[in-house]
Amino acid sequence: MQRTNKVLLIYTGGTIGMGMNPKTGALEPLDFNHLVENLPEFEQISTDIDTYQFVPVIDSSDMNPAFWGKLVSIIATKYEKYDGFVILHGTDTMSYTASALSYMFENLTKPIILTGSQLPIGQLRTDGKENLMTSIELASSYYPNGRPIVPEVAIYFSGHLLRGNRSTKQNAEEFNAFNSFNYPHLCEAGVKFKFNTHNILTPDYDLPMSPHTTLDNNVIILSLFPGIKEGIFDHILDLPCLHGIVMRSYGSGNAPQQPWLIKLFKKATARGVTIVNISQCISGQVEMSRYDTGYQLKDAGVISGYDSTVEAALTKLMFLYATCTDTETIRAYMNKSIAGEITIP
Ligand code: ASP
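The structure displayed is predicted, hence computed values, not measured ones.

Q: Give me the pattern of salt bridges: which residues, what numbers.
A: Considering all chains together, one arrives at nine salt bridges under this definition. Residue D50 pairs with K6 through a salt bridge whose shortest N-O separation is 3.6 Å. Placement of D50 in strand β4 (residues 48–53) and of K6 in strand β1 (residues 6–11) is noted, with a sequence separation of 44 residues between them. Of the charged contacts in the structure, one is a salt bridge between D307 and R166, with a shortest N-O distance of 3.0 Å. Of the two residues, D307 sits in the loop between β18 (303–304) and α8 (310–323) while R166 sits in the loop between β9 (160–163) and β10 (168–169), which places them 141 residues apart along the sequence. A single burial state applies to D307 and to R166, both of which are buried. One network of salt bridges, in which partners are shared, links K6, D48 and D50.

What follows is the structure, encoded as structure tokens:
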């Protein structure tokens, strides 16, 4: 068969890569270097596929910034050779990885599609085969002018293509595991692909792709809740190594009005900690001027995360603290979209 585009398939681990051991009947990680033998369907697709397997493969609950750095290095060294990249990844932290990669590949001009599955690829009712085959097709979808249709980091799952840094895992049991509550889907993959082209990023093809491999993980996610205690909060906010906080507030960005809380926020922001306000609601955006409670936060130096996901805000803080030298620049970038992660009204 005449092969067309070239895709690098990277296997990091997760449920998708499991197969049944014919002797024991147990599920165990497949050897993706022999993928074609395990998946005869591969013979039928027109894309040329090379595979790269991490050793050892990991459950995505063990994902970390060093691993993201390795992923970036692997793709960066092979960037010119391939038209697109597919990363097989466990679903649990896939949105964190997709968000982190969206910043780490500056001026990305090729598709990087992450996918996984809820049932192992070796099981009869698996969703893994469709997710994998469609991701490969999406990663190798090009316009006749030679430009990719999806030149960004995206997650494909259960018929939907989502911007990676807008995605969140929404369901632990159903096949439809991901959604992007504050951003339209990039493509619906039914019988045909329906691309929402005007919602897909358009990179500057004249700029060279610039990979970043380090992140600063001196960050934390803090959720507000009724009954939050001053002593505990003070202890965390006072940690000398702390650089960034994603604060999960109520509703449109509200917090309790206790003076001690505002005082602690003021103290932390004054010493250079960046506190980003993200709503605990999965949909909608933070509007800190709407209620007095939000206003006080603004006054204490807390910045709005607008409609960002927690995953996107946290990894953006990690990226900016590793890349920028001063807090003012970091805060300015937090209020700008750098990879389509946020909508500024
Ligand atoms: N625990 C697995 C992981 O995230 C679940 C999955 O793959 O869906 O690696």
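Q: Which residues make up the nonpolar core, and what values do they have?
A: Formed by 51 residues in total, the largest nonpolar core has its most connected members in I10, I75, I87, L101, F105 and I112. By residue number, the principal contributor to this core is α8, which donates nine residues. If near-sequence neighbours (up to four positions away) are discounted, I10 is found in contact with Y52, F54, L71, I74, I75, V86, I87 and L88. Membership of the second largest hydrophobic core comes to 29 residues, among which are V7, L30, A154 and A189.

Q: Residue-level account of the environment of C241, with values.
A: Along the polypeptide, C241 turns up in the loop between α5 (230–237) and β16 (244–249). On the basis of relative accessibility, which here comes to 45%, the residue C241 falls in the partly exposed class. Note: C-alpha distance between C241 and V219 (22 residues apart in sequence) is 8.7 Å.

Q: Could you give an account of the UniProt feature "active site" (unreviewed entry) in the chain, with specific residues and numbers?
A: Under the local residue numbering, the UniProt record ascribes the feature "active site" (unreviewed entry) to T15 and T91. In three dimensions, the annotated residues from a span of 77 residues occupy one location, with a maximal C-alpha spread of 7.9 Å. Locating T15 in the fold gives a position in the loop between β1 and β2 (18–20). Every residue in contact with T15, bar those within four places of it in the chain, is listed here: S117, Q118, L119, P120 and I121. Within the secondary structure layout, T91 lies in the loop between β5 (84–88) and α3 (94–104).

Q: Provide a residue-level description of the sheet that holds β9, including the pertinent values.
A: Taken in spatial order, the eight strands make up an open sheet running β4-β1-β5-β7-β8-β9-β12-β13, and their pairing is mixed. Of all strands in the sheet, those with a lone pairing partner are β4 and β13 (193–195), marking the two edges. Strand-to-strand, the axes of this sheet are offset by a mean angle of 20°, without reference to chain direction. Relative to β9, strand β8 (residues 153–157) is paired through four bridges, and the arrangement is antiparallel.

Q: Please set out the site of the ligand residue by residue, giving values where relevant.
A: The immediate surroundings of the ligand are formed by G14, T15, D59, S60, G90, T91, D92 and S117. Here T15 contributes a backbone N or O atom positioned 2.8 Å from an oxygen atom of the ligand. D92 is positioned with one of its side-chain polar atoms (N or O) 2.9 Å from a nitrogen atom of the ligand. For the shell around the ligand, a count of residues per class yields no nonpolar, six polar and two charged.

Q: Tell me what's going on with the sheet that holds strand β15 (residues 219–223), and back it up with residues and numbers.
A: The parallel open sheet is built from four strands, whose spatial order is β15-β16-β17-β18. Each end of this open sheet is capped by a strand with a single partner; those strands are β15 and β18. The pairing of β15 with β16 spans five bridges and is parallel. When the bridges of β16 are listed, I221 appears paired with V246.

Q: Tell me what's going on with unusual backbone geometry, and back it up with residues and numbers.
A: Backbone torsion omega between V55 and P56 reads -5°, so that peptide bond is classified as cis. With a phi angle near 60°, N107 is a residue other than glycine that sits in the positive phi range. Mapped onto the secondary structure, N107 falls in the loop between β6 (105–106) and β7 (112–115). Here N107 falls in the partly exposed class, since its relative accessible area comes to 26%. Positive phi, normally seen in glycine, also occurs at S158, with a value near 50°. Inspection of the secondary structure assignment puts S158 in the loop between β8 and β9.

Q: Give a detailed account of the packing of aromatic side chains, specifying residues and quantitative values.
A: As enumerated under the stated definition, the model contains nine aromatic pairs in all. Ring centres of F193 and F195 lie 5.7 Å apart, and the angle between their planes is 80°; this geometry places the pair in the edge-to-face category. A relative accessible area of 25% means that F193 is categorised as partly exposed. What makes F195 partly exposed here is its relative accessible area of 21%. Sitting over the face of the ring of Y79, K110 holds its NZ or CZ atom 5.0 Å from the ring centroid.

Procedures and definitions
Residues numbered from 1 in each chain as written. Predicted model: local features only at pLDDT ≥ 70, side-chain atom pairs only at ≥ 80, totals over all residues. Heavy atoms only, no water. Salt bridge = Lys/Arg side-chain N within 4 Å of Asp/Glu carboxyl O. Helix = DSSP H or I, 4+ residues; strand = E, 2+ residues; numbered from the N terminus. Buried < 20%, exposed > 50% of the residue type's maximum accessible area, 1.4 Å probe, protein only. Core = buried A, V, L, I, M, F, W, Y, C linked by side-chain atoms within 4.5 Å. Contact = heavy atoms within 4.5 Å. UniProt positions renumbered as here; feature names shortened; annotations may be inferred. Pairing = 2+ DSSP bridges. Axes fitted to C-alpha atoms, helices over the stretch in contact; angles between N-to-C directions. Near = heavy atom within 4 Å. Polar contact = N/O pair within 3.5 Å; in protein donor to acceptor, adjacent residues only side chain to side chain. Nonpolar A, V, L, I, M, F, W, Y, C, P; charged D, E, K, R; others polar. Phe/Tyr/Trp six-rings, centres within 6.5 Å; stacked < 30°, edge-to-face > 60°. Lys NZ or Arg CZ within 6 Å of the ring centre and 35° of its normal.

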